[in-house]
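# Architecture and fold: a report
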Amino acid sequence: MMASEMTVASRWWWRPGWTPGRSFYDWQVVPTQPVADKLVEIFAPTLSRLPGFEQVDAARLRIDMQGIGFVDGVKGVHLAALVAGARELLAELAPFQLAFGPPEVGAESIRLPIIVSEELLRVRADLTDALTAVWIRERIPDYGEPLRPYLALAHATHPTPVPEIRSALDEDGFADFALDDTVSAVSMVELLCEDGRYDWSDISTADLLSVPDPVVERSVFDDPLFGPLRHPSLSR
């Protein structure tokens with residue numbers, strides 16, 4: 001959801017189904033640490049001039065990919081099957097590039113939109129397939145909804161005029177901002193909402209395909225005439 005033409009609303013309100021003490025399982029992509037640190041450093045001066053926003057620290061920069069469900073409704077055996085299925089499917093996909101676009105004003109945040117690549121769609125499809133292998137489609141959050149990924153840089157703490165936000169971003173030259181990162185894993189987290197803020201703990205990780213190191217054939221020495229001689233253990 002994009003912001004209205006007038007104000008950005010505070011993010012801190014109870015979403016449907018949420019109650020104090022309740023938590024939610026979610027699949028997320030986590031930026032690499034150098035990129036996360038760089039984003040915080042780049043945008044800190046601008047966000048510090050916008051008192052209606054709380055900047056997201058590097059450790060909390062995440063990209064939602066696929067919701068799973070409230071923790072109290074997920075059986076342990078189902079969770080194990082979901083993780084195993086996602087790991088098996090994602091292991092067939094090689095690491096790929098993630099591209100961030102210029103910052104935009106959302107309904108409750110300042111965020112970086114992410115270019116939806118074929119690889120990112122494949123990740124979403126694999127996570128959804130892992131869920132449908134265990135549950136019916138009606139149980140899967142946002143099933144069939146298009147993927148609109150973004151990374152929230154700062155969350156609104158109280159209503160702020162949109163023109164003021166856009167002016168600050170333009171003044172600091174972010175109209176053409178772009179940054180790339182590498183996705184090599186997807187994280188399952190338990191999302192919490194306590195004391196007026198969202199936080200999470202990591203539950204599991206599904207790694208993308210790792211290209212093994214090439215097998216180097218051992219040799220005793222390189223003979224100038226016949227080439228490398230095979231090690232005795234490999235001669236049989």
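Remember, predicted model here, so these are calculated numbers, not experimental data.

### As for the sheet that holds strand E6 (residues 104-105)
- The antiparallel open sheet is built from four strands, whose spatial order is E3-E8-E7-E6. Only two strands of the sheet have a single neighbouring strand rather than two, namely strand E3 (53-55) and E6.
- Set on the sheet, helix H1 (residues 33-48) makes contact with E3, strand E7 (109-113) and strand E8 (150-156); between it and E3 the angle comes to about 155°.

### Quick notes on the nonpolar core
- Judged by nonpolar contacts, the single largest core of 54 residues is most densely connected at Leu39 and Phe100.
- Excluding residues within four positions of it along the chain, leucine 39 makes contact with Gln55, Leu61, Leu112, Leu151, Phe177 and Leu179.
- Listed in part, the eight residues of the second largest apolar core include Phe24, Leu191, Cys193 and Trp200.

### Points about the environment of glutamine 97
- With respect to the element layout, glutamine 97 can be found in strand E5 (residues 96-100).
- For the pair glutamine 97 and leucine 120, spaced 23 residues apart in sequence, the C-alpha to C-alpha distance is 9.2 Å.
- Of note is the side chain of glutamine 97, whose polar atom sits 3.5 Å from the backbone oxygen of aspartate 181.
- Here threonine 182 takes part through its side chain, which lies 2.8 Å from a polar atom of the side chain of glutamine 97.

### Structural notes on the pattern of salt bridges
- Evaluated as defined, the whole model comprises eight salt bridges.
- Here glutamate 171 and arginine 49 are joined by a salt bridge, their closest N and O atoms 3.6 Å apart. With glutamate 171 in helix H4 (residues 162-171) and arginine 49 in the loop between H1 and E3, this residue pair connects regions lying 122 residues apart in the sequence.
- Looking at glutamate 171, the relative accessible area reads 59%, which means it is exposed.
- We classify arginine 49 as partly exposed; its relative accessible area is 39%.
- One salt bridge in this structure joins glutamate 104 and arginine 111, with 3.0 Å as the shortest N-O distance.
- The exposure class assigned to glutamate 104 is partly exposed, which follows from its relative accessible area of 24%.
- Through salt bridges with shared partners, a single ionic network connects Arg49, Glu171 and Asp172.

### Concerning the packing of aromatic side chains
- According to the stated counting rule, one finds four aromatic pairs in the structure shown.
- Aromatic side chains phenylalanine 174 and phenylalanine 177 sit 6.0 Å apart centroid to centroid with 75° between the ring planes, which places their arrangement in the edge-to-face category. Each member of the pair, phenylalanine 174 together with phenylalanine 177, is buried.
- Members of the aromatic cluster, each reached through a chain of ring pairs, are Phe43, Phe174 and Phe177.
- Over the face of the ring belonging to tyrosine 150 we find arginine 111, whose NZ or CZ atom lies 4.3 Å from the ring centre.

### Let's talk about the side chain of serine 117
- Mapped onto the elements, serine 117 comes out in the loop between E7 and helix H3 (118-132).
- With a relative accessible area of 18%, serine 117 lands in the buried category.
- Reaching out from serine 117, the side chain makes a polar contact with the backbone nitrogen of leucine 120 at a distance of 3.2 Å.

How each quantity is defined
- Residues numbered from 1 in each chain as written.
- Predicted model: local features only at pLDDT ≥ 70, side-chain atom pairs only at ≥ 80, totals over all residues.
- Heavy atoms only, no water.
- Pairing = 2+ DSSP bridges.
- Helix = DSSP H or I, 4+ residues; strand = E, 2+ residues; numbered from the N terminus.
- Contact = heavy atoms within 4.5 Å.
- Axes fitted to C-alpha atoms, helices over the stretch in contact; angles between N-to-C directions.
- Core = buried A, V, L, I, M, F, W, Y, C linked by side-chain atoms within 4.5 Å.
- Buried < 20%, exposed > 50% of the residue type's maximum accessible area, 1.4 Å probe, protein only.
- Polar contact = N/O pair within 3.5 Å; in protein donor to acceptor, adjacent residues only side chain to side chain.
- Salt bridge = Lys/Arg side-chain N within 4 Å of Asp/Glu carboxyl O.
- Phe/Tyr/Trp six-rings, centres within 6.5 Å; stacked < 30°, edge-to-face > 60°.
- Lys NZ or Arg CZ within 6 Å of the ring centre and 35° of its normal.

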